[in-house]
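Take a look at the letters that make up each chain.
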Amino acid sequence: MEHNNKSSSHAVYNIKLHIVFVTKYRRKTLTPEVLEYLKTAFGEILDGWRCKLIEFGGEPDHAHLLVDIHPALDISVLINNLKTASARRTRNRFAEHLVKFYHAKPLFWHRAYFVGSVGGATLETIRAYVEAQGTTEHTRKSAANAKSNTKPSA
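Summarised in this report is the structure supplied together with it. If you're wondering where the values come from, they're calculated on a predicted model, not measured in any experiment. (Residues numbered from 1 in each chain as written. Predicted model: local features only at pLDDT ≥ 70, side-chain atom pairs only at ≥ 80, totals over all residues. Heavy atoms only, no water.)

What follows covers the packing of aromatic side chains. Evaluation of the coordinates by the stated rule reveals 7 aromatic pairs. Look at Tyr 25 and Tyr 102: their rings are 6.5 Å apart centre to centre, the planes differ by 45°, and that puts the pair in the tilted class. Of this pair, Tyr 25 sits in the loop between β3 (15-23) and α1 (32-48) while Tyr 102 sits in helix α3 (residues 95-102); the two residues are 77 residues apart in sequence, bridging distant segments of the chain. Overall, Tyr 102 belongs to the buried group, its relative accessible area being 2%. Centre to centre, the rings of Phe 108 and Trp 109 are 4.7 Å apart; their planes meet at 70°, and the pair counts as edge-to-face. The residues Phe 108 and Trp 109 share a single accessibility class, namely buried. In textbook terms, an aromatic cluster arises when at least three aromatic residues are bridged by ring pairs, as seen for Phe 21, Phe 42, Phe 56, Phe 108 and Trp 109. Taking NZ or CZ as reference, Lys 24 lies 5.5 Å from the ring centre of Tyr 25, over its face. Lying over the aromatic face of Phe 94, Arg 93 brings its terminal NZ or CZ to 4.9 Å of the ring centre. (Phe/Tyr/Trp six-rings, centres within 6.5 Å; stacked < 30°, edge-to-face > 60°. Helix = DSSP H or I, 4+ residues; strand = E, 2+ residues; numbered from the N terminus. Buried < 20%, exposed > 50% of the residue type's maximum accessible area, 1.4 Å probe, protein only. Lys NZ or Arg CZ within 6 Å of the ring centre and 35° of its normal.)

Take α1 next. Across its 17 residues, α1 extends 25 Å between first and last C-alpha, which sits within 8% of the 24 Å expected from 1.5 Å per residue. Listed as buried for α1 are Val 34, Leu 35, Leu 38, Ala 41, Phe 42, Gly 43, Ile 45 and Leu 46. Packed against the buried residues of α1 are β3, β4 (52-59), β5 (62-69), α2 (75-93), α3 and β6 (109-118). Phi turns positive one or two residues past the end of α1, at Arg 50, with a value near 60°. (Expected span 1.5 Å × (residues − 1). Contact = heavy atoms within 4.5 Å.)

Regarding α3, the residues found buried are His 97, Leu 98 and Tyr 102. The buried residues of α3 occupy one face: seen down the axis, they fall within an arc of 110°. Away from its buried face by more than 90 degrees, α3 exposes Glu 96 and Lys 100. In this structure, the buried residues of α3 make contact with β3, α1 and α2. Two residues or fewer after α3 comes His 103, characterised by a positive phi angle close to 55°. (Arc of directions from axis to C-beta.)

What follows is about the pattern of salt bridges. Tallied over the entire structure, the rule returns 5 salt bridges. Note that Asp 68 and Lys 16 form a salt bridge whose closest N and O atoms lie 3.6 Å from each other. One end of the pair, Asp 68, is in strand β5; the other, Lys 16, is in strand β3, with 52 residues separating them in the sequence. The same class applies to Asp 68 as to Lys 16, namely buried. The salt bridge involving Arg 89 is made with Glu 44; its shortest N-O contact spans 2.8 Å. (Salt bridge = Lys/Arg side-chain N within 4 Å of Asp/Glu carboxyl O.)

Quick look at the structure:
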């Protein structure tokens, strides 16, 4: 997984989300061909939002996305757009396949979804780091790290 921080004029950020979409009624509509199409569609949609699809996978009734996002985004708006745009594209491209599952109704994704933040450190590591802020132990470690990172002058 990428751990590169990005920056804008007032922020340094590295935000990754794990998103899961489930098909309506958990119908097994996602064939390998549909999943491959969704991977491309999600990548294109995310590019338009200044985001990046890092990983994609799925099973017949759900899809997983690992996404790198920009901090100015409203996550619920992004997710609703991902679901709406991907459903519209997929229903248009695979109309004959999807009519077997949903008849003429314009259905595809269930309205619920999962989203979780993903980082390079465990929750326990972050919790311990935050708890240590302002303690004498944290101050000692910070000073030792600063001293070891300075280069001797020639």
